[in-house]
Structures are given as C-alpha cells and as structure tokens.
Amino acid sequence: MKDYQARAEKVLMNVVKRLPVVLVQGKGARVWDDEGREYLDFVGGWAVDSLGHSPSILSSTLREQSERLIQVSNQFYSVPQIELAELLVENSCLDQVFFCNSGAEANEGAVKLARKYGKVHLNGAYEVITTYGSFHGRTLSMTAATGQEKFKTWLSPLPPGFVHIEYDNVEKIKKATSFQTCAVMLEPVQGEGGVNIPHEDYLTKVEKWCQEKGILFILDEVQTGMGRLGSLFAYEQYHVEPDIMTLAKGLGGGVPIGAILAKDRAAVFKPGDHGSTFGGNPLSCACALAVVRFILSNNIPRNAAKVGEYLLSQLKKVATEFEAIREARGKGLLCALEFKDDIAEDVTLRAAEKRLLVNRVKANAIRFMPPLIISKEEVDEAINILKEVLWNLNTYSIPSR
Ligand SMILES: Cc1ncc(COP(=O)(O)O)c(C=O)c1O
C-alpha cells in the first residue's frame, strides 16, 4: 500500500484510531481503496455525505462556482450565501442564519448567541444546560459543553458555564435551571453518545419548560439535520420549535459548512459580536445550496425514513439471531447495534476486511450512517456482510497491513 500508513504515522498527529484502509475514490455509497478494492460505506464521512460520494450535483457546482467566485470577505454581500439562507429559512421554523465552517464552530456561535441573549434579556444569565452522553464538538468550549468525560480528562481548566444533567429527563433540567441559566442545548437524538433516542415527548417537555422560564431552547442538529432522521430537521418529528438550531455535516454533502439558525427574537448579535473569515464563502454556500435543493426536490428525507426503517428492522432481526447483541436502535438513517461486550472495534475491523465500512461509536456499539440515497438492496448487502462477520467472531485475525 505504498507505505501510506507508515508515512501517515510519521507526519499526521495521532488523534484518531484509523482502520488500515486508504480511500482514494468514491461514488454513491461505494468507496475504493488504493489497491482498487471496493467497499460499501455505512460511515458516510461520519454522517456527512448525504448524497453519497462525489454526487454529480456537487462536482458540477464546485466547478462552476470555482470558476465564478470562490471567496470574498463578509464585508460584502454574496449571492449564494443569501440564497442558501433564504432556502433554510423558508424550510425551517427559524428566521436568520449565520454561516461558519463546522459543527463545533456552529455550536460555539450558538452558545455565544445564548450568552448575549442572557446579557440583554436575562440579567446576565450565562449558563447553558447540556446532557451527559452529548457531543457538541472539539473546541475548548464545546468540549466543556460535551457531556462525556473521556474527551476532557487532561484538558482542565475548561471554560466554565456548562451544567450537565441526565439526557431524556426533563425533571433534571428543571432542577438545574437557575437565575444563571440562559439556555438548554440538546441533540434531538444523541449521535456520538451511541445513538440514544429520547422518549417521544421529551423535547416537547423541554420546549415548554424553556418557554415557561424564558430561556433559550437550542437544538444541535449537526448530525440529525438535513434529512438524516427521515425529516429535513429532526425537530419536526418531535413537534417542537427550537429558538436556535445548529447545522453542519450533511448541509454541504461533503463540502465543509456549518450554520447557526435562530428565531428573530433570539438573533441578538450586532455588528462586531461574531464573525468568520471563511464562513459563508460563495463556494461552500453554492454547494450547500445545490445539496439542499436536491434534498428538497427529490424528497431525500423520505428515502432516509423508508430505508432507515428497513435498516432498523433488519438490524433488529440480526439482534434476535446473535447472542452477542444487546440491542438494535435507530431513527432514520442513524442506527446502532449495541453488543453485550466490548467487541465493536473487532467487528468494525472484520467488517472492513469483508468490504463493509461501519463506525465504532463506543467500545460496545457500532453505528450506521450511510448516505441518505442508500437503497434497500445495499442495506441487504450490508446486513449479509454483518451476519457473516458475527458468525465468524471467534476466528478473526488482524489483517496483515
Ligand atoms: C451533534 C454534533 N454536534 C457537533 C459536532 C461537531 O461537528 P464538527 O466535527 O463538524 O466540528 C458533531 C460531530 O460529530 C456532532 O455529532
């Protein structure tokens, strides 16, 4: 393999445990490695490649827009940024948009917005309530916001202002709310935490509590948004309306872009309060615009709902067939298999060896987040490989390279 692995280990910071696979090409739900081997991709760039790999709509938009205008500063207006914001506003319950470059950056901005709201409307309240098991990004503040100790062990002191409570329990939010609270920030379904799905009425109860207390209700839809859960935004399925919502991942279909969306009353930023050099650049915005238009005009969320339901039904069937599995769970095309033991890494490696890519989300759980254009036939193919892997659990040997 042309020594890529050895070369990478020399020059790339060692922040992630990579599979021994060097990907060089992709189309739809398929990717190819440097030795020409084909894989079925149920990782999807960590829930990013909503329309599959290198969709023609993205390559043509990239080409056209890069020839017209790639980057201008936000000191000027640019057309793709305005059109993308209009499209997101028309199709959501939010009124105003700020564009950035990633999920963590979107959440940082959302927390800054909530703090400004606290300053202006809540006597300086600044605390944000978040949940255990959550994941909001890797910046210092978003690591502080994230409710998983494993990301923070050596990082202290972390920025203050975050209070963590149990997920899917509104009473804990009520208890944690004080005169210092300006917002509650949640994922509609916890993704990195292991695909944790709350009770149907959880978000409604949280929304009601936030309204009663006059604090902001922030939904981190970085992973769940843009059709992943079977509706354009997850909040639609839970019949709530956040005051602030963050997006990234699937928004650009693989091109980096993030966004903060807010209701008019929560959009309290004034010139100078926030900014980004690359955020909202014409190239990323034109790509996201093409992706969102495609998602809407082809009803991609419906495919995510339909095929997602099928995937979950198949995973549940697999769960009944294999002792090693504790539970199959999911919503739309965000699904997980939880094992009784810590075998997720083993399963992930074996699956890759058999040309299926899945994500080890916890020591005892794997996650499935294929492109939203995945077909039932491709799900069948993935399930067959998975079953083969589970059958052979005891005869595994680490691939040579
Ligand atoms: C819910 C959620 N929020 C935020 C992030 C951080 O996004 P990014 O890696 O683009 O900074 C992630 C990434 O997995 C996420 O799942």
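About the criteria used
- Residues numbered from 1 in each chain as written.
- Predicted model: local features only at pLDDT ≥ 70, side-chain atom pairs only at ≥ 80, totals over all residues.
- Heavy atoms only, no water.
- Domains from an automatic or database assignment.
- Contact = heavy atoms within 4.5 Å.
- Buried area = accessible area lost by both parts, 1.4 Å probe.
- Salt bridge = Lys/Arg side-chain N within 4 Å of Asp/Glu carboxyl O.
- Polar contact = N/O pair within 3.5 Å; in protein donor to acceptor, adjacent residues only side chain to side chain.
- Nonpolar A, V, L, I, M, F, W, Y, C, P; charged D, E, K, R; others polar.
- Helix = DSSP H or I, 4+ residues; strand = E, 2+ residues; numbered from the N terminus.
- Buried < 20%, exposed > 50% of the residue type's maximum accessible area, 1.4 Å probe, protein only.
- Pairing = 2+ DSSP bridges.
- Right-handed = clockwise from strand over helix to strand, strands pointing away.
- Core = buried A, V, L, I, M, F, W, Y, C linked by side-chain atoms within 4.5 Å.
- Near = heavy atom within 4 Å.
- Areas by Shrake-Rupley, 256 points an atom, 1.4 Å probe, with all protein chains shown as cover.

This part takes up the domain arrangement of the protein chain. Segmentation of the protein chain into domains returns domain 1 (56-297) and domain 2 (300-362 + 383-394). Using C-alpha coordinates to define each centre, domain 1 is positioned 28 Å away from domain 2. With 21 residues of domain 1 at the contact, the number on the domain 2 side is 14 residues. Carbon and sulfur atoms make up 64% of the surface buried where domain 1 meets domain 2, a total of about 1,400 Å² over both sides. Of all residues in domain 1, the largest losses of buried area upon contact with domain 2 belong to Val195, Arg228 and Leu229, amounting jointly to 32% of the total for that side. At the boundary of domain 1 and domain 2, one finds 1 salt bridge. In this structure, the salt-bridge partner of glutamate 200 is lysine 331, at a minimum N-O distance of 3.8 Å. The tally of links between domain 1 and domain 2 comes to 4 residue pairs in polar contact (both at pLDDT 80 or more). When the residues that make up the side of domain 1 that touches domain 2 are grouped by side-chain class, the tally is 8 nonpolar, 9 polar and 4 charged.

What follows deals with the environment of lysine 270. One can find lysine 270 in the loop between β10 (258-262) and α10 (282-297). Given the relative accessible area of 54%, lysine 270 is considered exposed. The spatial distance from the C-alpha of lysine 270 to the C-alpha of alanine 288 is 25 Å, given a sequence separation of 18 residues.

Attention now goes to the pairing of strand β6 (residues 162-165). Inspection of the sheet shows strand β5 (residues 127-131) paired to β6 by 4 bridges, in the parallel sense. By the bridge assignment for β6, threonine 130 is matched with histidine 164. With respect to chirality, the unit in which β5 leads through helix α6 (residues 140-145) into the neighbouring parallel β6 is right-handed.

Our focus in this paragraph is the nonpolar core. Counting residues in hydrophobic clusters, the biggest one holds 119 residues, and the most contacted among them are Phe42 and Phe368. The element best represented in this core is helix α11 (residues 300-321), accounting for 8 residues. A domain split of this core shows at least three residues from each of domain 1 (56-297) and domain 2 (300-362 + 383-394). Here phenylalanine 42 is in contact with Leu311, Leu356, Leu357, Val358, Arg367, Phe368, Met369, Pro370, Ile374, Glu378, Val379 and Ala382, once residues within four sequence places are set aside.

This part takes up the environment of valine 79. Looking at the element boundaries, valine 79 is found in helix α4 (residues 79-90). Residue classification places valine 79 among the exposed residues on the basis of a relative accessible area of 55%.

The next thing to look at is the site of the ligand. Not every one of the 13 residues close to the ligand is listed here, only the nearest: Gly103, Ala104, Asp220, Gln223 and Lys249. In this structure, phenylalanine 135 approaches the ligand through a main-chain N or O atom, which is 3.3 Å from a nitrogen atom. One of the side-chain N or O atoms of glutamine 223 is found 2.8 Å from an oxygen atom in the ligand. For the ligand, the accessible surface in isolation is 390 Å², of which the surrounding protein chains cover 82%. Tallied by class, residues from the shell around the ligand come to 3 nonpolar, 6 polar and 4 charged.

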